[in-house]
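Tertiary structure, described
For reference, the chains in residue letters:
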Amino acid sequence: MDFEKLHKKAAKRKNSFVEARIGQTLHDICRNPKVKAPIRYLMSGLVAKIEKPHINLRKPTTALGGNDAYEGRGYDERIVEPYVLKYQLPCNATTAFLTPSFRTINRPLAREMFDNSRPPEPYHQMMDVIDYVELYPEKAELVLLEIIRNLIIIKEENEQRLHDQLAQIKAGSDLSMLSSEEIVTLIEQHLHCKNSSRLPVLIVAAAYASVKDLVGERAKELLSHQAADRQTGALGDVEITLLTEENTITCYEMKSKAVLKTDIEKGIEKIGKHGSHIDNYIFITTEPIDREVNDYAKSLYREMGTEVVILDCIGFLRHFLHFFHRHRVQFLDNYQKLVLKEPTSSVSQALKDAFLALRVAAQE
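Residues numbered from 1 in each chain as written. Predicted model: local features only at pLDDT ≥ 70, side-chain atom pairs only at ≥ 80, totals over all residues. Heavy atoms only, no water.

Below, the discussion takes up the overall build of the chain. In terms of regular secondary structure, the chain is built from 16 helices and five strands. Across its three principal axes, the chain shows a C-alpha extent of roughly 65 × 50 × 40 Å. Across the 364 residues in the chain, those meeting the buried criterion constitute 48%. Residue pairs at least 24 apart in sequence account for 70% of intrachain contacts in the chain once pairs closer than 6 positions are excluded. In the form shown here, the chain has an accessible surface area of approximately 18600 Å², with 50% of it arising from carbon and sulfur atoms. Computing the positive centroid from 49 side-chain charges and the negative centroid from 51, the chain places the two 4 Å apart. (Helix = DSSP H or I, 4+ residues; strand = E, 2+ residues; numbered from the N terminus. Buried < 20%, exposed > 50% of the residue type's maximum accessible area, 1.4 Å probe, protein only. Contact = heavy atoms within 4.5 Å. Areas by Shrake-Rupley, 256 points an atom, 1.4 Å probe, with all protein chains shown as cover. Lys, Arg positive; Asp, Glu negative; His and termini not counted. Charge placed at Lys NZ, Arg CZ, Asp CG, Glu CD.)

Below, the discussion takes up the confidence of the model for the chain. Considering every residue of the chain, the mean pLDDT works out to 92; 96% of them sit at 70 or more. Ignoring residues within four places in sequence, the model shows residues 227-232, a span with pLDDT below 50, making seven contacts including any to other chains. (pLDDT = per-residue confidence, 0-100.)

This brings us to the sheet that holds strand β5 (residues 307-312). Pairing within the open sheet is mixed, and its five strands lie in the order β1-β2-β3-β4-β5. In this open sheet, the two strands that pair with only one neighbour each are β1 (217-219) and β5. Pairwise comparison of adjacent strand axes, ignoring direction, gives a mean angle of 20 degrees for this sheet. In the sheet, strand β3 (residues 248-255) pairs with strand β4 (residues 280-285) via six bridges, with the strands oriented parallel. Within the sheet, the bridge partner assigned to Met254 lies in β4 and is Ile284. (Pairing = 2+ DSSP bridges. Axes fitted to C-alpha atoms, helices over the stretch in contact; angles between N-to-C directions.)

Once that is clear, we can look at the pairing of strand β2 (residues 238-242). For β2, the tally of buried residues reaches four of five residues, placing the bulk of the element in the interior. One ladder, built from four bridges, connects β2 with β3; its direction is antiparallel. Each bridged residue has a counterpart across the sheet, and for Val238 the counterpart in β3 is Tyr252.

Glancing now at the nonpolar core. By size, the foremost hydrophobic cluster in this structure holds 51 residues, and its most contacted members are Phe3, Met43, Phe102 and Ile147. Once residues within four sequence positions are removed from consideration, Ile147 is found in contact with Leu26, Cys30, Ile39, Leu42, Met43 and Leu46. Counting 39 residues, the second-largest nonpolar core is a separate cluster that includes Leu162, Val184, Ile187 and Tyr335. (Core = buried A, V, L, I, M, F, W, Y, C linked by side-chain atoms within 4.5 Å.)

Okay, the pairing of β3 next. Taken across its eight residues, β3 has eight buried, putting it largely inside the fold. Hairpin connection between β2 and β3: a loop of five residues separates the two successive antiparallel strands. Handedness of the crossover joining β3 and β4 through helix α11 (residues 261-274): right-handed. (Right-handed = clockwise from strand over helix to strand, strands pointing away.)

By the definition in use, this model includes 18 aromatic pairs. A centroid spacing of 6.1 Å and a plane angle of 20 degrees characterise the contact between Phe331 and Tyr335, whose relative ring orientation is stacked. On the criterion of helical spacing, the pair formed by Phe331 and Tyr335 is a turn pair, its members being four residues apart in helix α15 (residues 328-341). Here Phe331 and Tyr335 have matching classes, each one buried. Seen from their ring centres, Tyr335 and Phe355 are 5.2 Å apart, and the 70 degrees between their planes marks the pair as edge-to-face. Of this pair, Tyr335 sits in helix α15 while Phe355 sits in helix α16 (residues 349-363), and the two are 20 residues apart along the sequence. (Phe/Tyr/Trp six-rings, centres within 6.5 Å; stacked < 30°, edge-to-face > 60°.)

With that out of the way, let us pick up α16. Along an α-helix, residues three or four positions apart point the same way, because every turn accommodates 3.6 residues. In this model, α16 (15 residues) spans 21 Å end to end at C-alpha, consistent with the 21 Å of a helix rising 1.5 Å per residue. Among the residues of α16, those classed as buried are Gln349, Leu351, Lys352, Asp353, Ala354, Phe355, Leu356, Arg359, Val360 and Gln363. (Expected span 1.5 Å × (residues − 1).)

Inspection of every chain in the model, using the stated rule, returns 23 salt bridges. Where Lys49 meets Glu134, a salt bridge forms, and the shortest distance between an N and an O atom there is 3.1 Å. Separated by 85 residues along the polypeptide, Lys49 in helix α3 (residues 37-51) and Glu134 in helix α6 (residues 121-135) bring together distant segments of the chain. Its relative accessible area of 3% is what places Lys49 among the buried residues. Exposure remark for Glu134: the relative accessible area of 22% places this residue in the partly exposed category. Here the salt bridges share partners, and the residues they tie into one network are Glu253, Lys255, Lys257, Asp263 and Lys270. (Salt bridge = Lys/Arg side-chain N within 4 Å of Asp/Glu carboxyl O.)

Here it is in structure tokens:
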């Protein structure tokens, strides 16, 4: 599959590759702000359909049997994913087959299988596209081109909007120097937006990036939001090392819920498997801290030699910004860079737009 050729063809096209009805369906799927997995599912299936017209898009694993089944995840990871990542297209950065709706497929896909999905509409629309392509298999490439065309348009719109907002921020940067408390308020508002679970990770990483030369410590490169610690061997969400070393000395684990004793015990287990000494294992939470759980964490130092502590996310940020007051704008710039750098699968376009809008408003 020559995606470079398809990309160039789709980028030049002003009007739809397909008839109006199916074109509107593809438009709606690509622009759904919450659910992106159907895009990757369709793209991988269409690649397989173009290569092998006899396959059935409803049977994305050979475990379903028959010569019309195909390995959708293989097409997705081997062919679609490199293309999506190269052009940073606005869809899932990782395979659709790891999302709940596609993780366990034990029968051919049917519309009713997605009735309880949240929301079901994009999956039902996906099934409409599958029905269309199964009825007109010769149009598989045109449907794929239309998906690519939509993604290119959306990406260009997003980039233009970000460019305009960044220009506003730059224009106002000399007119309004935000105080530490104003920055705390800005970040707190951002945390209150929907689907913001990745943001505490970026807050801590931005803090260390802002003062690494002062404190002699740095945050390791952040892992994907979807990457499980057990798969990567990571201690937690943010790992801190000395500037001159690679060994982790402090680990941050983010929780968008109250920290439980079981969370601490899992952290202790990871520390035990890590093999080298950890000075601090810090839980950052956006929820209230339970006193008994906090007392349990405090009691572990004499036993482990590692400080286990639970910190409130905004409390951490407030103390950091006041302690390093002269670096507060540098923190905000670093946080902005990290937010905009994140794939939309972990920080949605709406969340990126929200931050820039909040910063523009704060600087007016």
